[in-house]
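Structure assessment
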Amino acid sequence: MKFTFYGHACFSIHLKGENLLFDPFITPNGKAKHVDVNAISSDYILVSHGHEDHVADAEAIAKRTGATIISNFEIVSWFQGKGIEKGHPMNFGGSWNFNFGKVKYVKADHSSVLPDGTYGGNPGGFIVTSDEGNFYYAGDTALHLDMKLTGEYQKLDFAVLPIGDNFTMGIEDAIIASDFIKCDKIIGVHYDTFPYIEINHEEAKRKFAEKGKELILVEIGQTINI
Ligand code: NI
Ligand code: MN
């Protein structure tokens, strides 16, 4: 799989010939000024919850690319109201087989309101399984015990976890989360974008390494093979 980081909690994963874009927030992100939002391709846009820092560019990218938005029912309905007809609504515990693999929408401990004040449903995360590999994106969340279920469902190749603290888990809880989900290869997101969530990169990587785990921090705009 190819993983490209677009800053904050926005990334894309190339899987089975499809581009899956997660939580697009690029044009308002001062740290992602060098990313050309119009050059991003997407077949699917997966939105974890309704907050501005996860949906800001979703409408424009979906309209330009014709991508299908995958999210909870409330968020997909909100985008349908903006003229985006290709949406796939889900809710907690539900799975669906897409052409790239299976998506399960799972719980996150957080809040969710859309930028205009519309109720955004419950905030979630995604478990994606396919014959090219499996991964988990937690969305914005606190550490929670349901992550142990994620560790039971399947073997994960990697997981994308928030690590910036203050609004989500910080480093210490992300390390415990990686135990719960039984995955020692973690890509960190949701850090450095705002002063509240600035982290020390070397210290964060060292803390994971001390537990025999790997924390990968990808440069904004960079693509890695994973
Ligand atoms: Ni949020
Ligand atoms: Mn957020």
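Relevant structure appears above.
This write-up is about the structure you can find in this document.

Scoring rules and cut-offs
- Residues numbered from 1 in each chain as written.
- Chains lettered and ligands numbered in written order.
- Predicted model: local features only at pLDDT ≥ 70, side-chain atom pairs only at ≥ 80, totals over all residues.
- Heavy atoms only, no water.
- Donors = N, O, S within 2.8 Å, 3.2 Å for Na, K, Ca; no water.
- Helix = DSSP H or I, 4+ residues; strand = E, 2+ residues; numbered from the N terminus.
- Buried < 20%, exposed > 50% of the residue type's maximum accessible area, 1.4 Å probe, protein only.
- Pairing = 2+ DSSP bridges.

**Here's the deal with the coordination of the manganese ion (ligand 2)**
Listed as protein donors to the manganese ion (ligand 2) are Asp-53 (OD), His-54 (NE2), Asp-140 (OD) and His-190 (NE2); their distances from the metal cover 2.1 to 2.2 Å. Mapped onto the sequence, the donors of the manganese ion (ligand 2) take the spacing D-H-x85-D-x49-H. Here the manganese ion (ligand 2) and the nickel ion (ligand 1) are spaced 3.1 Å apart, with Asp-140 acting as a shared donor. One end of the pair, His-54, is in helix H1 (residues 52-55); the other, His-190, is in the loop between strand E12 (185-189) and helix H6 (201-210), with 136 residues separating them in the sequence. His-190 matches His-54 in its accessibility class, with the two residues each being buried.

**Brief notes about unusual backbone geometry**
Even without a glycine there, the phi angle at Lys-16 is positive, about 55 degrees. The residue Lys-16 is located in the loop between strand E2 (11-15) and strand E3 (18-22) in this model. On the accessibility criterion, Lys-16 (33% relative accessible area) is partly exposed. Positive phi values are uncommon outside glycine, yet Asp-165 reaches one of about 65 degrees. With respect to the helices and strands, the residue Asp-165 is situated in the loop between strand E11 (158-162) and helix H5 (171-180). Residue classification places Asp-165 among the partly exposed residues on the basis of a relative accessible area of 45%.

**Topic: the pairing of E3**
Taken across its 5 residues, E3 has 5 buried, putting it largely inside the fold. The alternating pattern of E3 places Glu-18, Leu-20 and Phe-22 and Asn-19 and Leu-21 on opposite faces, both of which are buried. Across 5 bridges, E2 lies against E3 in antiparallel orientation. In the strand pairing of E3, Leu-15 is matched with Glu-18. In this structure, E3 lies alongside strand E4 (residues 44-46), joined through 3 bridges in parallel fashion. The residue bridging Leu-20 from the neighbouring strand is Tyr-44, located in E4.

On their own, these measurements won't tell you what the molecule is for.
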